[in-house]
Amino acid sequence: MKKTIAIILALILTLSLAACGGNADAKTITVAASPTPHAEILKVAAEVLAKDGWTLDIKEYTDYVQPNLVVDDGELDANYFQHVPYLDTFNADNGTKLVSVAMIHYEPFGIYAGTKSAIADLSEGDKIAVPNDGSNRARALLLLEQEGIIQLKEGVGMDATDLDIVENPLNLEIFQMEAAQIANVRDSVALAVINGNYALQAGLNAGTDALAVEDAESISATTYANVLVVKEGNTNNPKIQALVKALQSEEVKNFINETYSGAVVAIF
């Protein structure tokens, strides 16, 4: 009899522990992220989630492949490290079924001083360095158009090339080169249009050093916004909805504004 009671009690304890574990798992959200700035931003979101009883488990990755694979195979609930053009290419190349559920931030392109200290100082025939690869070149040209330096064919958008320039009043030379090298040639060009990450590597901050940056509502900013990504079909999962709400909270927006000085910009 004693042995039977012991077995019953052991079963009850096992089931209770399993139930507790299940409840804990149900309130835990797992997300893959790049260390900077994504994981840093998620840590603030974790504090917001904790107020509603959620636990956010952040897994940091330094590559751009595994974060998508672990979400696609269901190992983790979501990831936060990429923009939609990269996501679309990854899905096409790998047969994954991942979708964006929310835009969180973007890292703006900036126009930086070279031999000229202001856009207004540009003169006939000056040289402006821009990236030579497709999407980055288009972003640079759209930023130059935003600032009234050139004008592009109407509606050309993210497919813009130098052949789409229809007005160039100062006959500026749009000098195309490898994006990673532009910051190094600022002393030989009038102005330089530099990616956010390469600017940071060169000790430049879009918010404090750039003469102009992409508008938060521009096609470039919205196209290249960093997004929260989940496996197709999980968009309405309560975990994901809670994470979206936390990432798009005032606490997160304030953290981004106060921490990155314009090098990272909230887009919600």
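The shown structure was predicted, so the numbers you read here are calculated from the model rather than taken from an experiment. (Residues numbered from 1 in each chain as written. Predicted model: local features only at pLDDT ≥ 70, side-chain atom pairs only at ≥ 80, totals over all residues. Heavy atoms only, no water.)

Q: What am I meant to see in the overall build of the chain here?
A: A tally of helices and strands in the chain yields nine helices and 13 strands. Taken over C-alpha atoms, the radius of gyration comes to 24 Å for the chain, far larger than the 18 Å a tight globule of 268 residues would show. For the chain, the spread of C-alpha atoms along the principal axes amounts to about 100 × 35 × 30 Å. A buried classification covers 44% of the 268 residues belonging to the chain. Of the contacts formed within the chain by residues at least 6 apart in sequence, a portion of 75% connects residues at least 24 apart. (Helix = DSSP H or I, 4+ residues; strand = E, 2+ residues; numbered from the N terminus. Rg over C-alpha atoms; globule rule 2.2 N^0.38 Å. Buried < 20%, exposed > 50% of the residue type's maximum accessible area, 1.4 Å probe, protein only. Contact = heavy atoms within 4.5 Å.)

Q: Is there a simple way to think about the packing of helix α2 (residues 35-50) against helix α8 (residues 238-247) in this case?
A: For the pair α2 and α8, the least separation of the axes is 8 Å and the interaxial angle reads 110°. With respect to α8, the element α2 is oriented roughly perpendicular. As α2 runs across α8, the sense of the crossing is right-handed. Between α2 and α8, the residues in contact are Ile-41, Leu-42, Ala-45, Val-48 and Leu-49 and Ala-242, Leu-243, Ala-246 and Leu-247, respectively. A breakdown of the residues in the contact of α2 with α8 according to their chemical character gives nine nonpolar, no polar and no charged. (Axes fitted to C-alpha atoms, helices over the stretch in contact; angles between N-to-C directions. Parallel < 35°, antiparallel > 145°, perpendicular 65-115°, else oblique. Left-handed = near helix turned anticlockwise from the far one by under 90°. Nonpolar A, V, L, I, M, F, W, Y, C, P; charged D, E, K, R; others polar.)

Q: Which parts of the structure should I look at to understand the nonpolar core?
A: Across soluble globular proteins, you tend to see nonpolar side chains buried next to one another. Core analysis: the biggest nonpolar cluster contains 30 residues, and Ile-41, Leu-42, Leu-49, Leu-56, Leu-243 and Leu-247 have the highest contact counts within it. Secondary structure elements with two or more residues in this core: β1 (28-33), α2, β3 (78-83), β4 (98-106), β12 (226-231), α8 and α9 (250-260). Once residues within four sequence positions are removed from consideration, Ile-41 is found in contact with Tyr-80, His-105, Leu-247, Val-252, Phe-255, Ile-256, Tyr-260 and Val-264. In this structure, Phe-109, Leu-122, Ala-138 and Leu-191 belong to the second largest nonpolar core, which totals 25 residues. (Core = buried A, V, L, I, M, F, W, Y, C linked by side-chain atoms within 4.5 Å.)

Q: I'm lost on the pattern of salt bridges in this one. Help?
A: Applying the stated criterion to the full structure yields six salt bridges. Among the salt bridges present, the one from Glu-251 reaches Lys-51, with a minimum N-O distance of 3.5 Å. With Glu-251 in helix α9 and Lys-51 in the loop between α2 and β2 (55-60), this residue pair connects regions lying 200 residues apart in the sequence. Lys-51 sits in the exposed class, given a relative accessible area of 62%. Ionic pairing is found between Arg-139 and Glu-214, a salt bridge with its closest N-O pair at 2.7 Å. Of this pair, Arg-139 sits in helix α5 (residues 134-146) while Glu-214 sits in the loop between β11 (212-213) and α7 (219-223), placing them 75 residues apart in sequence. Across the pair, exposure class does not vary: Arg-139 and Glu-214 are buried alike. (Salt bridge = Lys/Arg side-chain N within 4 Å of Asp/Glu carboxyl O.)

Q: Got a minute to help me understand α9 in this structure?
A: Within an α-helix, residues lying three or four positions from one another point in the same direction, as the helix has 3.6 residues per turn. Buried within α9 we find Val-252, Ile-256 and Tyr-260. The buried side chains of α9 occupy one side of the element, clustering within an arc of 40° when seen end-on. Those residues of α9 that are buried lie in contact with α2, β4, α8 and β13 (265-266). (Arc of directions from axis to C-beta.)

Q: What is the right way to look at α5 in this model?
A: The end-to-end C-alpha distance of α5 is 18 Å, a good match for the 18 Å that 13 residues give at a rise of 1.5 Å each. Residues Asn-136, Arg-137, Ala-138, Arg-139, Ala-140, Leu-141, Leu-142, Leu-143 and Leu-144 constitute the buried set of α5. Once α5 finishes, Gly-148 follows within two positions and takes phi at roughly 75°, a positive value. (Expected span 1.5 Å × (residues − 1).)

Q: Help me out: how do you make sense of the packing of aromatic side chains in this one?
A: Centre distance and the angle of the planes are the two values used to describe a pair of aromatic rings. In this structure the tally under the stated criterion is five aromatic pairs. Three or more aromatic residues joined by ring pairs form one cluster here, namely Tyr-64, Phe-81, Tyr-86 and Phe-90. In this structure, Lys-27 packs its charged tip against the face of Trp-54, placed 3.9 Å from the ring centre. Lys-127 extends its terminal NZ or CZ atom over the ring of Phe-175, reaching a point 4.7 Å from the ring centre. (Phe/Tyr/Trp six-rings, centres within 6.5 Å; stacked < 30°, edge-to-face > 60°. Lys NZ or Arg CZ within 6 Å of the ring centre and 35° of its normal.)

Q: Sorry, what's going on with the sheet that holds strand β9 (residues 173-177) here?
A: Picture the strands of a sheet paired through backbone hydrogen bonds; they go either parallel or antiparallel. Reading across from one edge, β9-β6-β10-β5-β11 is the order of the five strands in this open sheet, with mixed pairing throughout. Strands at the two margins of the open sheet, each flanked by one partner only, are β9 and β11. With five bridges joining them, strand β6 (residues 127-131) and β9 adopt parallel strand pairing. Along β9, the bridge assignment pairs Pro-131 with Met-177. Seen against the sheet, α5 touches β5 (110-113), β6, β9, β10 (191-194) and β11 and runs at an angle of roughly 140° to β6. (Pairing = 2+ DSSP bridges.)

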